[in-house]
Amino acid sequence: MIVYCDNVGRLDHIMQNLNLLFKCSSHETLNRFNIFLLSDRSLTWLLRPGSHIIHVPQHLWTNESHCALIPVGHPCYHVTTEGLKWNLNDGELQFGKMVSSSNGYDVTRDETEVQITADNKLFWTMSINEKISI
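Because the structure is predicted, anything quoted here is derived from the model rather than measured. (Residues numbered from 1 in each chain as written. Predicted model: local features only at pLDDT ≥ 70, side-chain atom pairs only at ≥ 80, totals over all residues. Heavy atoms only, no water.)

What to know about the overall build of the chain
Of the regular secondary structure elements, the chain holds two helices and 10 strands. For the chain, with 134 residues in total, the buried portion stands at 40%. Long-range pairs, those at least 24 residues apart, make up 70% of the contacts in the chain with a sequence separation of at least 6. Summed over all atoms, the accessible surface of the chain reaches about 7,900 Å², with 53% contributed by carbon and sulfur. (Helix = DSSP H or I, 4+ residues; strand = E, 2+ residues; numbered from the N terminus. Buried < 20%, exposed > 50% of the residue type's maximum accessible area, 1.4 Å probe, protein only. Contact = heavy atoms within 4.5 Å. Areas by Shrake-Rupley, 256 points an atom, 1.4 Å probe, with all protein chains shown as cover.)

Structure below.
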């Protein structure tokens, strides 16, 4: 499910949208769906505990697009990534400690995918570098 959201730069709106994703992941019916938040310049979704592969379009991979892994609601004690500019190897992400913001892609790789393994829920967000009109 794709939800278009325009946050108009308001942090309270951004946090409420993230809260909604977090709440939906625990909802009896909604937790079966992947819900994506699409804004005019980014795409965000909640990664459940486990392993994930994110296929990144080539034009985003090579144009210095930004991405981030954000822990919200709880710490992630074991996060491993491959394909990022600054990878984690069993690293810890937690507010008050480290948050993987303003990361990028490892443009030296031929594959345009990011692999993420985490022990808890994490938000993945990536810039899409193009204005979307709906």
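So, the side chain of Glu113
By the element assignment, Glu113 lies in strand β9 (residues 113-118). It turns out Glu113 is buried and unbridged, and the closest side chain with the opposite charge, Arg109, is 4.8 Å from it. Of the polar contacts made by the side chain of Glu113, one reaches the side chain of Gln115; its length is 3.2 Å. Apart from the residues lying within four places of it in its own chain, the contact partners of Glu113 are Ile53, Ile54, His55, Val56, Trp61, Glu82 and Gly83. (Lys, Arg positive; Asp, Glu negative; His and termini not counted. Salt bridge = Lys/Arg side-chain N within 4 Å of Asp/Glu carboxyl O. Polar contact = N/O pair within 3.5 Å; in protein donor to acceptor, adjacent residues only side chain to side chain.)

Concerning the pattern of salt bridges
Following the criterion strictly, the structure yields three salt bridges and no others. A salt bridge links Arg109 to Glu111; the shortest N-O distance between them is 3.2 Å. Residue classification places Arg109 among the buried residues on the basis of a relative accessible area of 17%. What you see here is one network of salt bridges that share partners, running through Glu82, Arg109 and Glu111.

A word on the packing of aromatic side chains
By convention here, two paired aromatic rings are described through the distance between centres and the angle between planes. Counting across every chain of the model gives one aromatic pair. Between Trp61 and Tyr105, the aromatic rings sit 4.9 Å apart at their centres with planes inclined by 15 degrees, giving stacked as the arrangement. One end of the pair, Trp61, is in helix α2 (residues 58-62); the other, Tyr105, is in the loop between β8 (100-103) and β9, and 44 residues separate them in sequence. By the burial criterion, Trp61 is buried, and Tyr105 matches it. (Phe/Tyr/Trp six-rings, centres within 6.5 Å; stacked < 30°, edge-to-face > 60°.)

Considerations on the layout of surface pockets
Over the atoms a probe the size of a water molecule is rolled, and this reveals where empty space is left. If you add up the space inside the second largest pocket, you get close to 150 Å³. Going through the elements one at a time, β5 (67-70), β8 and β10 (122-127) are the ones with two or more residues in the lining of the second largest pocket. (1 Å grid on protein atoms, 1.4 Å probe; cavity = no way out; pocket = protein on both sides within 12 Å on 5 of 7 lines; lining within 4 Å. Points joined across faces, edges and corners; volume = space filled by probe spheres on them.)

Focus on the environment of Ser65
Structurally, Ser65 is set in the loop between α2 and β5. Along the sequence, Ser65 and Met126 sit 61 residues apart, while their C-alpha atoms lie 7.5 Å from each other. One polar contact links the side chain of Ser65 to the main-chain carbonyl oxygen of Leu60, over a distance of 3.1 Å.

Digging into the nonpolar core
In this structure, Val56, Leu69, Val79, Tyr105, Val114, Trp124 and Met126 are the most contacted members of the largest nonpolar core, which totals 20 residues. Among residues more than four places away in sequence, those in contact with Val79 are Leu69, Leu88, Asn89, Asp90, Gly91, Leu93, Thr117, Ala118 and Leu122. Of all hydrophobic cores here, the second largest spans 10 residues; its members include Cys5, Ile35, Ala68 and Phe123. (Core = buried A, V, L, I, M, F, W, Y, C linked by side-chain atoms within 4.5 Å.)

Topic: the environment of Ile53
Relative to the elements of secondary structure, Ile53 occurs in strand β4 (residues 50-55). Taking C-alpha positions, Ile53 is 6.5 Å from Glu113, a pair spaced 60 residues apart along the chain. The contact partners of Ile53, leaving out residues within four places of it in the chain, are Glu113, Val114 and Gln115.

Bear in mind that shape data such as this cannot, by itself, settle questions of function.
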